[in-house]
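Inside the fold
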Amino acid sequence: MMKTRFTLLLLALFMGFNVGFAQQDEECMLNLTIMSDYAKSKKYDEAYEPFMKLRNKCPKFNYAIYFYGDRILKDKIERASGAEKVNYINDLMKLWDEGLANFPDKFTAGGNLQDKAMLKLDYKDALGLSNKQVYDAFDELYKKSPESFTNPKGLYAYFSSIVDMHDAKEVEVQDVFNKYDDVTDKIGQEIDNYTEKLNPLVEKEEAGQELDKKEAQYKRQYESYLEAYDKISGSIDSKLGILANCEVLIPLYKRDFDKFKTDAVWLKRAVSRMYNKECTDDPLYTELVKAYDESSPSADTKFFVYNLLMKQGKEREAKPYLDQSYDLEKDPLKKSKLAMRFGKSLRAQGNFGAARNYFQKSVELNPSNGRAHIEIAQMYAASANNCGDTTFNKRAVFWLAAAEARKAGRVDANLRSYAEGLAANYEGKAPQKSDIFTEGNSGETIKIGCWIGLSVTVPKI
């Protein structure tokens, strides 16, 4: 009898728990429906109460709690002020942590760190944060989860904050340079990442195949990111400003040379900055290049040695270093960038034929590199007066230049507007219909001599 009573008691308790769970599930479902309906209609004030009930009573019930909760709290932040705004900002960061704890497949620790850093940046004044506090938020992200640090605006803010700290005499100039290198390296990684994704789509289009709807969407997305990274690269260089000039760099690197003369990373950054800022006349540059090549021979070091020897007028001695540099690099995107550097160096020396060869190699390795086509187009245009045997044929070179410029716009959406303008300019300088009529060569093929060595067909009229 005692055993029967005990069994009945357990059954009653179990049924009571089930009723309780069922009631809780029913309440959670009701609040989820109310919250979702209001949030979908952007009635975030009305959605707030059911959202908070869900968050507190059944935080694991549905991911929508956090998906819509993010929007609800952001709306509260936008419309609040003073201490109330600060409370909502802090609560949003708390919500992200709760989302990670309850739905770890939907959130990541790195993603939360980036979101928090961006929130602190956007509401820096409301939160009363200093440049250092904003910097520290991004620095934590950079150190703990660099792969999650992908926001272009955040990368710029990360660097901008340390420059502002230097202006306030809170950090040394070397700290600024180190962070500049960190951020530009990171931007370079992201550019490479999206370029690798974009290239197959560009190649497909260039082969005359149409992208499907999803591919076209991805292409626009990749191009948008590349445009954003390109813009912030220029902004970061501008922010660095006069800090990176020869008057600052030379004494700084002289001071630290003995300490870092076997440190390949330090030497690479020092040599690159001296080269880019045209501080190559100082004897220190020669010392840096030699130390860099001795410490870690690479495609980069051979290129710098090549430039050093060229500057000294030792062209024959320099040439093998250019070849070694190109052969040493195995990564396609890095090799493409190297080919661009070689092309620009050779173009500056007036060696247009060799320069074009490297620009074309760059495109082979990176089909979405429209800048290489622009370089070639500009060399054609600059050679028009030298590469034709008659006035008409000289002007015909501009058709080649226009065609090359249009290639740039096709493969690189970020250059499209500039490339179209450049092509239109060149076409305006090429023979017009009246010139073709006078010459009587409509539809004929013209051979262009000198380094260009190509043919162009006269448009039919």
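All of the points below concern the structure found in this document. Going along each chain's sequence as written, the residues are numbered from 1 onward. Whole-chain, interface and lining totals are the exception, using all residues; otherwise, since this is a predicted model, local features are given only for residues with pLDDT of at least 70 and side-chain atom pairs are given and counted only at 80 or more. Note: side-chain values were computed over all heavy atoms of the structure, leaving out hydrogens and water.

A few words now on the state of the cysteines. Disulfide: a pair of cysteine sulfur atoms within 2.5 Å of each other. Counted by the stated rule, this structure contains three disulfides. Two residues, C28 and C58, share a disulfide whose sulfurs are 2.2 Å apart. Taking the sign of the S-S torsion, -125° for the link of C28 and C58, the bridge is left-handed. Within this pair, whereas C28 is found in helix α1 (residues 2–40), its partner C58 is found in the loop between α2 (44–57) and α3 (64–79), the two being separated by 30 residues in sequence. For C58, a relative accessible area of 8% translates into the label buried. In this model, C387 is linked to C450 through a disulfide, with the two sulfur atoms separated by 1.7 Å. Residues C387 and C450 share a disulfide whose torsion about the S-S bond is about 95°; that sign makes it right-handed. With C387 in the loop between α18 (370–383) and α19 (391–411) and C450 in the loop between β1 (445–448) and β2 (454–457), this residue pair connects regions lying 63 residues apart in the sequence. Here C450 falls in the partly exposed class, since its relative accessible area comes to 45%. Where helices and strands are cited, they refer to DSSP runs of H or I of at least four residues and of E of at least two residues respectively, numbered from the N terminus. Burial status follows relative accessibility: with a 1.4 Å probe on protein chains alone, a residue under 20% of its type maximum counts as buried, one over 50% as exposed, and anything between as partly exposed.

On to the side chain of K179, then. Among the structural elements, K179 can be located in helix α9 (residues 173–206). On the accessibility criterion, K179 (8% relative accessible area) is buried. Here the side chain of K179 touches Y158 through a polar contact of 2.9 Å, side chain to side chain. Ignoring sequence-local partners within four residues, the contact set of K179 consists of Y135, D139, Y142, Y158, F159 and I162. What qualifies as a polar contact is a pair of N or O atoms within 3.5 Å, subject to a donor-acceptor requirement within protein and to the restriction that residues adjacent in sequence count only when both atoms come from side chains. By the convention used here, residues are in contact when the closest approach between their heavy atoms is within 4.5 Å.

Now for the packing of helix α5 (residues 109–122) against helix α8 (residues 152–167). A fitted line through C-alpha atoms serves as each axis, taken over the contacting stretch for helices, and the angle formed by two N-to-C directions is quoted from 0 to 180°. Taken N-terminus to C-terminus, the directions of α5 and α8 make an angle of 65°; their axes are 10 Å apart at the nearest point. As judged from the angle between their axes, α5 and α8 are roughly perpendicular. The crossing of α5 and α8 is left-handed. Residues M118, L121 and D122 of α5 touch α8, and the partners they reach there are K153, G154 and A157. If an angle is under 35 degrees, it is roughly parallel; if it is over 145, roughly antiparallel; if it lies from 65 to 115, roughly perpendicular; otherwise it is oblique. Each crossing gets its handedness from the near helix: less than a right angle anticlockwise from the far helix is left-handed, clockwise is right-handed.

Glancing now at the pairing of β1. The alternating pattern of β1 places I446 and I448 on a buried face and T445 and K447 on a face that is not buried. Bridge analysis of β1 against β2 gives four bridges, and the strand direction is antiparallel. Residue pairing for β2: T445 is matched across the bridge by T457. In short, DSSP must find at least two bridges between two strands for them to pair.

Here, a salt bridge means any Lys or Arg side-chain nitrogen found within 4 Å of an Asp or Glu carboxyl oxygen. The full count for this structure, using the stated rule, is 40 salt bridges. D323 is paired through a salt bridge with K319; the nearest N and O atoms lie 3.0 Å apart. Highlighted residues: D323 and K319, both in helix α15 (residues 315–328), separated by four residues, approximately one helical turn. On the basis of relative accessibility, which here comes to 30%, the residue D323 falls in the partly exposed class.

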